[in-house]
Amino acid sequence: MGGCFSKPKPVELKIEVVLPEKDRGKEELSAGGKGSPRAYQGNGTARHFHAEERLPAPHPYPGAQDCLEAAVCHIKDLENGQMREVELGWGKVLLVKDNGEFHALGHKCPHYGAPLVKGVLSRGRVRCPWHGACFNISTGDLEDFPGLDSLHKFQVKIEKEKVYVRASKQALQLQRRTKVMATCISPSAGHSSSTNVLVVGAGAAGLVCAETLRQEGFSDRIVLCTLDRHLPYDRPKLSKSLDAQLEQLALRPKEFFRAHGIEVLTEAQDPEASLCPAGSQVVTVDVRNKKAVFKDGFKLEYSKLLLAPGSSPKTLSCKGKDVENVFTIRTPEDANRVVRLARGRNAVVVGAGFLGMEVAAYLTEKAHSVSVVELEETPFRRFLGERVGRALMKMFESNRVKFYMQTEVSELRAQDGKLKEVVLKSSKVLRADVCVVGIGAVPATGFLRQSGIGLDSRGFIPVNKMMQTNVPGVFAAGDAVTFPLAWRNNRKVNIPHWQMAHAQGTTSPAAAWGRVAAQNMLAQEAEISTVPYLWTAMFSKSLRYAGYGEGFDDVIIQGDLDELKFVAFYTKGDEVISVASMNYDPIVSKVAEVLASGRTIRKREVETGDMSWLTGKGS
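Note that the structure is predicted; figures quoted are calculated from it, not measured. (Residues numbered from 1 in each chain as written. Predicted model: local features only at pLDDT ≥ 70, side-chain atom pairs only at ≥ 80, totals over all residues. Heavy atoms only, no water.)

A. Broad picture of the overall build of the chain. Helix and strand counts for the chain come out as 12 helices and 35 strands. Burial statistics for the chain: of 619 residues in total, 60% are counted as buried. In the form shown here, the chain has an accessible surface area of approximately 25100 Å², with 45% of it arising from carbon and sulfur atoms. (Helix = DSSP H or I, 4+ residues; strand = E, 2+ residues; numbered from the N terminus. Buried < 20%, exposed > 50% of the residue type's maximum accessible area, 1.4 Å probe, protein only. Areas by Shrake-Rupley, 256 points an atom, 1.4 Å probe, with all protein chains shown as cover.)

B. View of the sheet that holds strand 24 (residues 429-431). Strand order in the open sheet formed by three strands is 22-23-24, with antiparallel pairing between adjacent strands. Looking at strand neighbours, the two that pair on one side only are strand 22 (409-415) and strand 24, the edges of this open sheet. For this sheet the average axis-to-axis angle between neighbouring strands, irrespective of direction, equals 30°. Across three bridges, the pairing between strand 23 (residues 418-424) and strand 24 is antiparallel. Paired with E421 across the bridge in strand 24 is R431. (Pairing = 2+ DSSP bridges. Axes fitted to C-alpha atoms, helices over the stretch in contact; angles between N-to-C directions.)

C. Examining the pairing of strand 34 (residues 565-572) more closely. Taking burial as the measure, the eight residues of strand 34 include six buried ones, the bulk of the element. In this sheet, strand 34 lies alongside strand 33 (residues 554-560) in antiparallel orientation, the contact comprising seven bridges. If you follow G559 over to strand 34, its bridge partner there is F566. The antiparallel pairing of strand 33 with strand 34 creates a hairpin that spans four residues between the two strands, and L564 there sits at a positive phi of about 55°. Strand direction decides the pairing type here: strand 34 and strand 35 (residues 575-582), joined by seven bridges, are antiparallel.

D. Local environment of helix 2 (residues 204-215). Taking 1.5 Å per residue, 12 residues should reach 16 Å; helix 2 reaches 16 Å between its end C-alpha atoms and fits that length. All of the buried residues along helix 2 are A204, A205, G206, L207, V208, C209, A210, E211, T212, L213, R214 and Q215. Downstream of helix 2 by one or two residues, G217 has phi in the positive range, about 95°. (Expected span 1.5 Å × (residues − 1).)

E. How the structure looks around empty space enclosed by the protein. Overall, the coordinates contain two cavities of 30 Å³ or more when judged by the stated rule. Taken as a whole, the second largest cavity spans an internal volume of roughly 30 Å³. K92, G106, H107, H152, F154, A171, L172 and L174 are the residues that line the second largest cavity. Residues belonging to the lining of the second largest cavity are distributed by class as follows: four nonpolar, three polar and one charged. (1 Å grid on protein atoms, 1.4 Å probe; cavity = no way out; pocket = protein on both sides within 12 Å on 5 of 7 lines; lining within 4 Å. Points joined across faces, edges and corners; volume = space filled by probe spheres on them. Nonpolar A, V, L, I, M, F, W, Y, C, P; charged D, E, K, R; others polar.)

F. Just the sheet that holds strand 18 (residues 326-327), in detail. Strand order in the open sheet formed by five strands is 18-25-19-20-21, with parallel pairing between adjacent strands. In this open sheet, the two strands that pair with only one neighbour each are strand 18 and strand 21 (401-405). Relative to strand 21, strand 20 (residues 369-374) runs parallel, the two being bridged by five bridges. Bridge assignment links E374 to a residue of strand 21, and that residue is M405. Seen against the sheet, helix 6 (residues 354-363) touches strand 19 (346-350), strand 20, strand 21 and strand 25 (434-437) and runs at an angle of roughly 165° to strand 19. (Contact = heavy atoms within 4.5 Å.)

G. A look at the environment of R330. Within the secondary structure layout, R330 lies in the loop between strand 18 and helix 5 (332-342). By relative accessible area, which is 18% here, R330 ends up buried. Remark: the alpha-carbon pair of R330 and D228, spanning 102 residues in sequence, is separated by 9.1 Å.

H. Representation of the state of the cysteines in the model. Counting across every chain of the model gives zero disulfides. No disulfide involves C134; its sulfur sits 8.9 Å from that of C128, the nearest cysteine. Unpaired in terms of disulfides, C318 finds its nearest cysteine sulfur in C435, a separation of 8.4 Å. Here C318 falls in the buried class, since its relative accessible area comes to 13%. (Disulfide = S-S within 2.5 Å.)

Below, the structure written as structure tokens:
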């Protein structure tokens, strides 16, 4: 198996530059970077960690001729805690005044292009109004997720009571800054069956772990393995934009992995696209000898291991469950095929959670009919409550979606092997040419059962605040873990990204877990402290959610549910534990920032309707 990992030519350290789209359009349709389905073979070595390794930041201005400098305002134009977009030659800059100091940054969130001036300024950082990403105003660095890239930071000076900003023309054109990363030292041939860091799973958590290690100066070998055919991509976006092509979904382009020596083992159908004939499926982990065993018996030795296997979707168990044209939407190919089959025909969606409702919303303009089957009384009831769920249901009904509630599928009927009808337990028969199933998921941890790595009764991997499992040197992150939620008194929770049906896009918890795991591989003693931040988009309307609302016993709603302009506070006892909103930005980002600060929000504070303490600028 030594031939699985060939030695590429040495690569130079470089920063990835991604040009923004001229018009990113609606946030729910915004795409990631460019990529390729073909796996790339990187390089690495199995030497020891050096936690003290760091990289110098590059100078932001390569030459004076590449820069613009201009006065953008008077020093009294902004008060402390205020932000403003200002024009500077080739583009715009976000100007921030905090504690008497001015800061100038990129004005759009690198994740989906949100205008940060509409976000929340608090505790030396600005939080995105759309999806909650946080950026340090002094450095532009990404401090909380989602997304992968940071903001450009520009020079500011004060002369004669005017504020001057100096910026690179190139940086003004870009909406993102990829941090400088170490390259991987080329291995000797004898190290092909060993790696310093092995990551099982290549979603947001696994990718961010690998990137964080490189950003921290780690130059040993990193190998990611995934059961997918493709390099890491934005899977939650599949149900929001079923037509999206792989290059629109890729989290990083193929060249990124090559430049930074991050190896990715994929399950490519084309043997030439696969990194290794052994494939990418890990079937067990030998923790005593620190080896991962692959499906064909190949063993890869590791020093540090991150388990981020994600979850597996539940499937129907009814009669006819194996007929053709029934999908769970796990790959771009699945999503694209659903659209093709549904165009002008009849679509049935089983499950009125986020995945099901996003698919139903997307198909309304494509399919002849869209039907949703759900066991509960209203969509989203357990997550958003009865009143919010009913308001959203009305929105769907006004867009031609037909609901069949408090029932389930009893049979899938086929004609010539392909789906033709969905039979419900209520005896109703629905015409169906394609069916999408979104009824939850289970952690994909079966391969760990005999490994000695701890699993709870549901199959989740319990970790501590540092994302460590019960086995030294083994970390875990993502959908398959339960972790202590700091602002809920360290209660062990699972933030089920895929089970909640792709509500989150590339979410803050998953990426944050990956970063914390990487930092602790380097003995930096980091702890997870992020506030979960989720979102979904349906019919060009976005719902945002922050916190952890399991077990809520009351919902306080401000605004107008009928107009879908509202904020809902979910309480347990006297405490607000989560918040959801539509057309009420940046309220959810503000609540997330308050919760992140450690402050408890009391029920009485949101019952009055006076939310000036939340919507005011700054903090």
